[in-house]
Amino acid sequence: MVQDSAQQAPSVTPATPARTLMPSILPALAVGILSSLVLVGVEVAAEELQNVLWGPLPDALGIGRYSVAWMFVMLFATGVAVGLVVWKAPGHAGPDPATIGLDAPVLPPVVLPGLLLVTALMLAGGPSLGPENPVITVNVALAAWLGARLVPRAPGRVWPALAEAATIGALFGTPVAAALVISEALAGKETRGLLWDNVFAPLTAATAGALTATLIDHPSFDLDLPSFGRPDWSDLLAAAVVAAVAAVLGMAAVRAFPYVHGVFRRLRHPMLMLPAGGLVLGALAALGGHLTLFKGLEEIAELARDPDSRSAGEYALLTVVKLAALLVAASCGFRGGRIFPAVFAGTALGLGAHALVPGVHPSIGVSAAVLGLLLAITRQGWVSLFVAAVLVASPAIIAVLCVASLPAWLLVTGRPQMQLRPDGTPVR
């Protein structure tokens, strides 16, 4: 009887001894600091170049900084500059960016200078993409290359995991985002030991990356929207509806992605694809205005500064133009990530919901719309929930977003995300 009970007892996953985890601390800290410095360096260089290209230069030429003519000139010139680097740089600045997500490939070091250059040019020139994908790719390659030489006994797969976690931590200024991404990635893999044993080293790298970025660059995502008190049933309903509408809109963009990508691929050469993309982006900027330029982080703060300053139609225009600009920029060959532009589109959509139905609180509208769009575009639930929550400094919003995520997830699950395979088919 005792033997039968012992056989039926549930198995317990053994914990990894501390002496096994401790040697990973120093390499994780080093990768975290290095990854954060690369990110901050790229963003600072891009910001300095942006300040020149969109400030003293048009002033000296007697052209309005955000006039239609200058937006066309700058976006076309950015396409030409990036296309030239992609054409001539070793490794062509990496593979097709439409095929890369947050899980980056390990590229040879010779590709990295060109990838860094086109990322900085893109961020400064105005296309609607963020720095996350190319910077993660650079940091993964650097960590793998340096790690193989400095710590040859360490498993090669360790370095990409550390670099990805560190960069995500630095991007959002907190290791929580990285921990959520890691947990989601580990859910689909066979692992040994406890969850926290597996995330110990990546979380250390993410913490180092987040602290380094916070001390140097002070990133913040709080939009300082009107304070949100205790939620009621109407808030839950509004959040669920807005998140579902945003998810449907995001799925429409995802559905169009391979077709838009295919149109630009027919041009075949980067000196045709990227300048053509720049011209289309210039037309979209002329339609939507200067707020639809760049990755969108500073622009969403401007939108949120006065939620009642625009009509529902104006917010709808900003939403559609930004999503279209994201589609074009990601399809024609600009190196960049898709999270930050999606956050701008979600913010505009959420504020539009508030303008259309004043009973929808701005904080509810923005966070729910960002949640739904990110779920559709990334298919990463934890990251989508985290980003939506950090935009609103209110603990009560988390419970509302958890409710809103359920119908939105039912809409997007099993459907493609905004990423393509090398043959051009969508990734599910």
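Relevant structure appears above.
Quick caveat, the model's predicted, so the values are computed rather than measured. (Residues numbered from 1 in each chain as written. Predicted model: local features only at pLDDT ≥ 70, side-chain atom pairs only at ≥ 80, totals over all residues. Heavy atoms only, no water.)

Engineer: For this particular structure, what's the right way to read unusual backbone geometry?
Structural biologist: Glycine aside, residues mostly have negative phi angles, and peptide bonds mostly take the trans form. In the Ramachandran plot, His92 falls in the positive-phi region, its phi being about 55° despite a non-glycine side chain. Note on placement: His92 falls in the loop between α5 (68-88) and α6 (112-125). Here the phi dihedral of Phe294 falls at roughly 65°; this positive angle occurs in a residue that is not glycine. As for its position among the elements, Phe294 is in the loop between α12 (270-288) and α13 (297-305). You can call Phe294 buried: its relative accessible area is 4%. (Helix = DSSP H or I, 4+ residues; strand = E, 2+ residues; numbered from the N terminus. Buried < 20%, exposed > 50% of the residue type's maximum accessible area, 1.4 Å probe, protein only.)

Engineer: I'm lost on a nonpolar patch on the surface in this one. Help?
Structural biologist: Together, Leu34, Trp145, Leu146, Leu150 and Val151 make up a nonpolar patch on the protein surface, roughly 420 Å² of accessible area in all. Per-element accounting of the nonpolar patch gives the leading share, three residues, to helix α7 (residues 132-150). For Val151, a relative accessible area of 33% puts it in the partly exposed group. (Patch = residues over 30% accessible without salt bridge, like charges linked within 9 Å, V, L, I, M, F, W, Y side chains within 5 Å. Areas by Shrake-Rupley, 256 points an atom, 1.4 Å probe, with all protein chains shown as cover. Salt bridge = Lys/Arg side-chain N within 4 Å of Asp/Glu carboxyl O.)

Engineer: Can you walk me through a negative patch on the surface in this structure?
Structural biologist: Together, Glu47, Glu48, Asp217 and Glu298 make up a region of like negative charge exposed at the surface. Glu298 gets classed as exposed once you look at its relative accessible area, which sits at 57%. (Lys, Arg positive; Asp, Glu negative; His and termini not counted. Charge placed at Lys NZ, Arg CZ, Asp CG, Glu CD.)

Engineer: Mind showing me how you'd approach the environment of Val135 here?
Structural biologist: Relative to the helices and strands, Val135 resides in helix α7. Relative accessible area serves as the criterion here: at 1%, Val135 is assigned to the buried category. Sequence separation of Val135 and Gln380 is 245 residues, and the distance between their C-alpha atoms is 19 Å. Aside from chain neighbours lying at most four places away, what touches Val135 is Val38, Leu39 and Thr167. (Contact = heavy atoms within 4.5 Å.)

Engineer: Help me understand the packing of helix α11 (residues 233-265) against helix α16 (residues 362-378), please; the structure alone is not making it clear to me.
Structural biologist: Relative placement of two packed helices is described by the angle separating their axes and the distance separating the axes. Close contact between α11 and α16 brings their axes to 7 Å; oriented N to C, the two are set at 35°. Considering only the axes of α11 and α16, their crossing is right-handed. Counting all contacts with α11, which are made through Asp235, Ala238, Ala239, Val242, Ala243, Ala246, Ala247, Leu249, Gly250, Met251 and Val254, the residues of α16 involved are Ile364, Gly365, Ala368, Ala369, Gly372, Leu373, Ala376 and Ile377. In the contact of α11 with α16, the residues fall into 15 nonpolar, three polar and one charged. (Axes fitted to C-alpha atoms, helices over the stretch in contact; angles between N-to-C directions. Left-handed = near helix turned anticlockwise from the far one by under 90°. Nonpolar A, V, L, I, M, F, W, Y, C, P; charged D, E, K, R; others polar.)

Engineer: Help me understand the side chain of Glu43 in this model?
Structural biologist: Among the structural elements, Glu43 can be located in helix α3 (residues 25-53). On the basis of relative accessibility, which here comes to 17%, the residue Glu43 falls in the buried class. Looking at Glu43, its side chain comes within polar contact range of the side chain of Lys295, at 3.1 Å. Those residues in contact with Glu43 that sit more than four places away from it in its chain are Pro131, Asp217 and Lys295. (Polar contact = N/O pair within 3.5 Å; in protein donor to acceptor, adjacent residues only side chain to side chain.)

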